[in-house]
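In case you want the letters, here they are:
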Amino acid sequence: MPRATGIPVSLVSVRTRDGVVLDGVAAHPRGRRRTALIWVHGLGSTFSSGQPTTRALAVALERAGIGYLKLNTRGHGVVARAGKRLMGAAFERFGDSVHDIRAMIGLAGRSGYRRMILAGHSTGANKALHYVARTGDRRVAGLMLLGPISDVAGERNRIGGRELARRVAAAERLARRDPEALVPRAWGFWSARRFISLYRPAEAEDVFPYYRLDAGWAALRRVRVPLAVIVGGRDEYLDRRPAALIAAFERNAIRARSCRLVVVPRANHGFRGHEPALAREIVRWARTVG
């Protein structure tokens, strides 16, 4: 076995119900396997991205007796294929992430774990929350949202609300002709359908609607398991102070069994350079859940 993280690590793969193969890595603790943390990566990332975080987490979790799994989603990279289907960040369908996460949990279960903690980073946080809210999977013992930033809010902040609304309307017209047609390159490398999913308010992917005062936060309000929210103090995609974001989650996590809210000082969206502090926070909370 490779020892990139300083502990035994296994390359793993799993096939989803709809036939997509997801590759990844797993690190198992010595002794009895009870709880596993499943990391759901962000937009266009891969299981091999963010190696400093993977290394810090795998080591810290192993010492705590908690397993660690990190696999690709079908949204890994910019463009990917599964047979004739186009996937990757540019073409994935957000709702299909339920298949990916269900397969990851199944793999953990077959590896001997009975309690799963979902830890989603960035767009992976959207997917993890969507999964828990939609399925109510009782194997999920805790939910962790890392860098849970609204793509709508971030893009509005970057280009302005009027311009974003114009682009969404253009993408809607394009999608009616061909959902997989690409939007203008200046808008990013996205299919029309993917652009709408990311940037049209109230889409299924828009689970962090802190930018709308009248938002219902339907997904978050369905969560009943322990919840943790971790935000970088200098997240470059935030359109407001981290404390304001944290407060929005605190107000709307009304059914969560418990809610831990953390701002990692001076950390950016990827927590680069703050991996040990991030790992400590994750393990501290995971122990209370597992």
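Look above for the structure.
These figures come from a predicted structure and were not determined experimentally.

Rules behind the numbers
- Residues numbered from 1 in each chain as written.
- Predicted model: local features only at pLDDT ≥ 70, side-chain atom pairs only at ≥ 80, totals over all residues.
- Heavy atoms only, no water.
- Axes fitted to C-alpha atoms, helices over the stretch in contact; angles between N-to-C directions.
- Helix = DSSP H or I, 4+ residues; strand = E, 2+ residues; numbered from the N terminus.
- Parallel < 35°, antiparallel > 145°, perpendicular 65-115°, else oblique.
- Contact = heavy atoms within 4.5 Å.
- Nonpolar A, V, L, I, M, F, W, Y, C, P; charged D, E, K, R; others polar.
- Salt bridge = Lys/Arg side-chain N within 4 Å of Asp/Glu carboxyl O.
- Buried < 20%, exposed > 50% of the residue type's maximum accessible area, 1.4 Å probe, protein only.
- Patch = residues over 30% accessible without salt bridge, like charges linked within 9 Å, V, L, I, M, F, W, Y side chains within 5 Å.
- Areas by Shrake-Rupley, 256 points an atom, 1.4 Å probe, with all protein chains shown as cover.
- Phe/Tyr/Trp six-rings, centres within 6.5 Å; stacked < 30°, edge-to-face > 60°.
- Pairing = 2+ DSSP bridges.

What to know about the packing of helix α2 (residues 97-110) against helix α3 (residues 123-135)
Relative to each other, α2 and α3 sit at 85 degrees, their axes nearing to 9 Å. Taken together, the axes of α2 and α3 are roughly perpendicular relative to one another. Of the residues in α3, those touching α2 at S97, V98, I101, R102 and I105 are K127, A128, H130, Y131, R134 and T135. Here the contact of α2 with α3 is built from residues that sort into five nonpolar, three polar and three charged.

Side note on the pattern of salt bridges
Tallied over the entire structure, the rule returns 19 salt bridges. K127 serves as the salt-bridge partner of E92, at 2.8 Å between the closest nitrogen and oxygen. Of the two residues, E92 is situated in the loop between β6 (85-87) and α2 and K127 in helix α3; the sequence distance between them amounts to 35 residues. Neither E92 nor K127 differs from the other in exposure class; each is buried. The partner of R194 in a salt bridge is E92, and the shortest N-O contact between them spans 3.3 Å. Pair noted here: R194 is in helix α6 (residues 192-199) and E92 is in the loop between β6 and α2, with a separation of 102 residues, a long-range link. Given a relative accessible area of 1%, R194 falls into the buried group.

Quick word on the environment of L220
Residue position: L220 is located in the loop between α6 and β9 (227-232). Each C-alpha atom, one on L220 and one on A256, is 8.5 Å from the other, the two residues being 36 residues apart in sequence. When residues no more than four places from it in sequence are discounted, the contact partners of L220 are L129, L227, F249, N252 and A253.

Focus: a nonpolar patch on the surface
Residues V78, V79, L182 and F189 make up a contiguous nonpolar surface patch of roughly 310 Å² in combined accessible area. Note that F189 resides in the loop between α5 (161-177) and α6. For F189, a relative accessible area of 30% translates into the label partly exposed.

A few points about the packing of aromatic side chains
Under the defined criterion, the tally for this structure stands at four aromatic pairs. Judged by centre distance (5.2 Å) and plane angle (75 degrees), the rings of W217 and F249 are edge-to-face. On the criterion of sequence distance, the pair formed by W217 in the loop between α6 and β9 and F249 in helix α7 (residues 242-252) is long-range, its members being 32 residues apart. This pair shows no difference in class: W217 is buried, exactly as F249 is. Ring pairing ties together the aromatic residues W187, F195 and Y199, which thus form one cluster.

Here's the deal with α6
Counting buried positions along α6 gives seven out of eight residues, so the element sits mostly inside the fold. Those residues of α6 that fall on the buried side of the exposure criterion are A192, R194, F195, I196, S197, L198 and Y199. Each element contacted by the buried residues of α6 is listed here: α3, α4 (151-159) and α5.

Here we look at the pairing of strand β2 (residues 21-27)
In terms of burial, β2 is a largely internal element, five of the seven residues being buried. Bridge count for strand β1 (residues 10-15) against β2 is six bridges, and the pairing is antiparallel. Of the residues in β2, the one forming a bridge with S10 is A26. Taking the residues between adjacent antiparallel strands as the criterion, β1 and β2 are bridged by five residues, where G19 takes a positive phi near 90 degrees. Where β2 lies against strand β4 (residues 66-71), four bridges are found, and the strand directions are antiparallel. Each residue of the ladder has a partner; that of G24, found in β4, is L71.

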